[in-house]
Number of protein chains: 2
Amino acid sequence: MRFETTGRNGYARAGKLTLDHGIVETPVFMPVGTNGAIKMCSRECVKDAGAQIVLSNAFHLYLKPGLDVLRSFGGIHNFASWDIPVLTDSGGFQIFSLSKNMHVDDEGVEFKSPLDGSVHKFTPEKVIEIQETIGSDIAMVLDECLAPGNDLESTKKSVKRTSKWAERALKSHTRKDQSLFGITQGGFFEDLRRESTTEITSMPFDGFGIGGLSVGEDIDTTLRMLDVVLPLMPENKPRYLMGVGDPILMLEAIERGVDMMDCVLPTRMARHGGILTSSGRINIRASAYEKDPTPLDPECNCKVCKTYSRGYIHHLIKRGESTGMILATYHNIYFLTNLMKQSRDAIIKGEFDDFKKFVIEKINGKR
Amino acid sequence: MRFETTGRNGYARAGKLTLDHGIVETPVFMPVGTNGAIKMCSRECVKDAGAQIVLSNAFHLYLKPGLDVLRSFGGIHNFASWDIPVLTDSGGFQIFSLSKNMHVDDEGVEFKSPLDGSVHKFTPEKVIEIQETIGSDIAMVLDECLAPGNDLESTKKSVKRTSKWAERALKSHTRKDQSLFGITQGGFFEDLRRESTTEITSMPFDGFGIGGLSVGEDIDTTLRMLDVVLPLMPENKPRYLMGVGDPILMLEAIERGVDMMDCVLPTRMARHGGILTSSGRINIRASAYEKDPTPLDPECNCKVCKTYSRGYIHHLIKRGESTGMILATYHNIYFLTNLMKQSRDAIIKGEFDDFKKFVIEKINGKR
């Protein structure tokens, strides 16, 4: 992996990430294909919508199709016919949010499969083994994701544990063609965020994730944590803010020096009619759109907006028609990849502040 | 509408149907987009898979989005951004199969909406008005669809009623840019099939549907009915066998002189893993395909078969991942449009008999 900065505007950076399966220009939004496919969007569709890299998940792929199948296909790129870079999340977040009867200790975490109730144990080493089998371009370490609202003591303990797990992950990682990112945690405690970031970034990872944010807290808290964390991160490595796909928060994060983001929400909400537009989010199911002949976002140049009307997509999504979900998913992915492209261009031109202000004012209905 | 025959091979014909929104080469398979969209396949996808014409449904479009919305968009082509020809079924079949508390008399049929229980009445005239509002290239008359297994007496009555309704539909039809097809019925009674076909084809329709077949009867019965009906149909008008999408039955129908077919099954079964292949139907959910690196149909040239493996689509469909359904739907539509294209070519070359024999033997595992 190679990461070069191609432009700077204050703390905001444009960059280029060279991976085995392609080049990724940052800032970048990564659509999420948990089970090895972005829902309602084939690989052709994802690429056509502007995605340069997709995210998948070690936890889900380990459960199904399982390592045996992935091994027989030689990894995710061949299995899913993905010819662009893939980042896999370790599944830490999923274990802690989806599993019942989860038990965590210093060794690792034991959990029951949400699919069939079978018992599994993930250790930092096991999660590396899984991701080396998956063969993603970028692997993430196993971290302990506490539920938001945990107290200082338990958060402190989990920061220590996450650092120890990070060391073990680094030690067990062998694939030279796979990058490995550490993950910083620390809840909403500035001191712990500092501690975790300092510890994790002192280790020789290829890049760094910021975990445990955008989990329900207000945006001011998220930004306060980013303000603490980002200045401590090395300049020469990519920074990945995990689980963020809200346009305003993405711009705020970019301004502070974030390079990579992912979120399942833009594609999930598309399936329920939630549409990202340059004038803010709309729900296309609203009766106001029944006879609306205009595109989802009149300022969008995506092929759905060039072809289809709000009225048609309103009808399809209200009727539960999957093709409406396909069209909405495509648009939302395009909207975010395009927002990232515009951000890159603005950073390189040195106009990111104006660009950000303009976009946010429009979203908030002030233009 | 213009219909010309471009090739003949026994009773089989290749033809060209010129409609307002494009030319349709026959024999043709029409994918079904009941609610104004083919499920799991956008317009781009449908066209890319080789479809020349799509089918929609007056009954469903009347219920939702409703005539008011369709009027405001100026019809289905503008509403759904469909730039290829559209045929609408009258909805007769749907009323008789989906509605509860349905009451039919000589005037028309009263039914409760399966969506909200509201009461509606369809008459032959109303169904024409609906389809003129939809603006389909080809409209179908309202017919009485009896459940299979009805006795001679009630079938006789329904044949008479269907003929009277056909006359009324013809009288009330005003749009010159829309073709109108009559529908022949007659259950599984050869005499009644003859009677209905003679009566309906004596009226000045632009083409003729064959209704009430492929509703659960064995293939020999279907073919026996086709053998009775087709020789009575005029040579110079298209013949549309309604609701047939099984490859073998399609070839048998083409051999007997059928030009057009539609069926919801190829797309519906795709969503559940039912895949059409040149060696017969497979269910991709079967565990045998878990590690299978070969395409859905090794002899297929569609872009799904060129890119994806059985193993991947097996995984996606077993996990309920919509993108697996998208890939399977595309393949099944391609498979049938390609079978029709090959049939056309074979008819024009005078080799249809050999072609049909070869394809059926392969499907039946004899090659």
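The rules we used
Residues numbered from 1 in each chain as written. Chains lettered and ligands numbered in written order. Predicted model: local features only at pLDDT ≥ 70, side-chain atom pairs only at ≥ 80, totals over all residues. Heavy atoms only, no water. Phe/Tyr/Trp six-rings, centres within 6.5 Å; stacked < 30°, edge-to-face > 60°. Helix = DSSP H or I, 4+ residues; strand = E, 2+ residues; numbered from the N terminus. Buried < 20%, exposed > 50% of the residue type's maximum accessible area, 1.4 Å probe, protein only. Disulfide = S-S within 2.5 Å. Axes fitted to C-alpha atoms, helices over the stretch in contact; angles between N-to-C directions. Parallel < 35°, antiparallel > 145°, perpendicular 65-115°, else oblique. Left-handed = near helix turned anticlockwise from the far one by under 90°. Contact = heavy atoms within 4.5 Å. Nonpolar A, V, L, I, M, F, W, Y, C, P; charged D, E, K, R; others polar. Least-squares fit on C-alpha atoms with pLDDT ≥ 70 in both. Pairing = 2+ DSSP bridges. Buried area = accessible area lost by both parts, 1.4 Å probe. Polar contact = N/O pair within 3.5 Å; in protein donor to acceptor, adjacent residues only side chain to side chain.

Chemist: What's the story with the packing of aromatic side chains in this structure? I'm lost.
Modeler: The way to describe two aromatic rings as a pair is by their centre distance and the angle between their planes. All names here are of chain A. What the rule picks out here adds up to 18 aromatic pairs over all chains. An angle of 80° between the planes, with centres 6.4 Å apart, marks the rings of Phe59 and Phe122 as edge-to-face. Of the two residues, Phe59 is situated in helix H2 (residues 58-63) and Phe122 in strand S9 (residues 119-122); the sequence distance between them amounts to 63 residues. One exposure class covers both Phe59 and Phe122, and it is buried.

Chemist: Sorry, what's going on with the state of the cysteines here?
Modeler: Should the sulfur atoms of two cysteines be covalently bonded, the bond is a disulfide. Residue and element names in this part refer to chain A. Evaluation of the coordinates by the stated rule reveals two disulfides over all chains. Each disulfide pairs two cysteine sulfurs, and for Cys41 the partner residue is Cys45, the sulfurs being separated by 1.9 Å. Its torsion about the S-S bond being -90°, the disulfide of Cys41 and Cys45 is classed as left-handed. As far as burial versus exposure is concerned, Cys41 and Cys45 are alike and both buried. Of all cysteine sulfurs, the one in Cys300 lies closest to Cys302, which takes part in no disulfide; the gap is 3.7 Å. We note that Cys305 lacks a disulfide partner, and the nearest cysteine sulfur, in Cys300, lies 3.8 Å from it. When its relative accessible area of 7% is taken as the criterion, Cys305 is described as buried.

Chemist: Help me understand the packing of helix H10 (residues 247-255) of chain B against helix H14 (residues 322-349) of chain B, please; the structure alone is not making it clear to me.
Modeler: For any two helices packed against each other, the geometry comes down to the angle between their axes and how far apart the axes lie. Residue and element names in this part refer to chain B. Relative to each other, H10 and H14 sit at 30°, their axes nearing to 11 Å. Classed by the angle they form, the pair H10 and H14 counts as roughly parallel. Judged by the twist between their axes, the crossing of H10 over H14 is right-handed. On H14, the residues touching Pro247, Met250, Leu251 and Ile254 of H10 are Phe335, Leu336, Leu339, Met340, Ser343 and Ile347. Within the contact of H10 with H14, the residues separate by chemical class into nine nonpolar, one polar and no charged.

Chemist: Help me out: how do you make sense of the relation of the copies chain A and chain B in this one?
Modeler: In summary, the two copies of the chain are related to each other by a rotation about an axis coupled with a shift along it. Rotating chain A by 180° about the axis while translating it 0.0 Å along that axis superimposes it on chain B, leaving an RMSD of 0.0 Å. Classification of the inter-copy transformation places it as that of a two-fold axis. In this assembly the copies share their binding face: 100% of the residues contributing to the interface of chain A also contribute to that of chain B.

Chemist: It is not clear to me how the sheet that holds strand S2 (residues 12-19) of chain A should be interpreted in this structure. Could you clarify?
Modeler: Pairing between the strands of a sheet is mediated by backbone hydrogen bonds and can be parallel or antiparallel. All names here are of chain A. Pairing within the open sheet is antiparallel, and its three strands lie in the order S1-S2-S3. Each of the sheet's edge strands pairs with one partner strand only, and the pair in question is strand S1 (2-9) and strand S3 (22-26). Within this sheet the neighbouring strands show an average axis-to-axis angle of 15°, counted without direction. Pairing analysis gives five bridges linking S2 to S3, with the strands arranged antiparallel. Paired with Leu17 across the two strands is Val24, which belongs to S3.

Chemist: Could you clarify how one ought to interpret the packing of H10 of chain B against helix H15 (residues 352-363) of chain B in this entry?
Modeler: Residues and elements named next belong to chain B. Where H10 meets H15, the closest approach of the two axes is 10 Å, and the angle between their N-to-C directions is 165°. With respect to H15, the axis of H10 lies roughly antiparallel. Seen along the crossing, H10 lies across H15 with a hand that is left-handed. Of the residues in H15, those in contact with Pro247, Ile248, Leu251, Glu252, Ile254 and Glu255 of H10 are Phe352, Asp353, Phe355, Lys356, Val359, Ile360 and Ile363. In the contact of H10 with H15, the residues fall into nine nonpolar, no polar and four charged.

Chemist: What is the right way to read the interface of chain A and chain B from this model?
Modeler: Note: interface size is frequently given as the accessible area lost on complex formation between the parts. With 38 residues of chain A at the contact, the number on the chain B side is 38 residues. Summed over both partners, the interface of chain A with chain B comes to about 3300 Å²; 55% of that surface belongs to carbon and sulfur atoms. The largest per-residue losses of area from chain A upon contact with chain B belong to Lys291, Tyr312 and Arg319 of chain A, which jointly make up 17% of the total buried on that side. Where chain A meets chain B, there are 24 residue pairs in polar contact (both at pLDDT 80 or more). Broken down by class, the residue content of the side of chain A that touches chain B amounts to 16 nonpolar, 12 polar and 10 charged.

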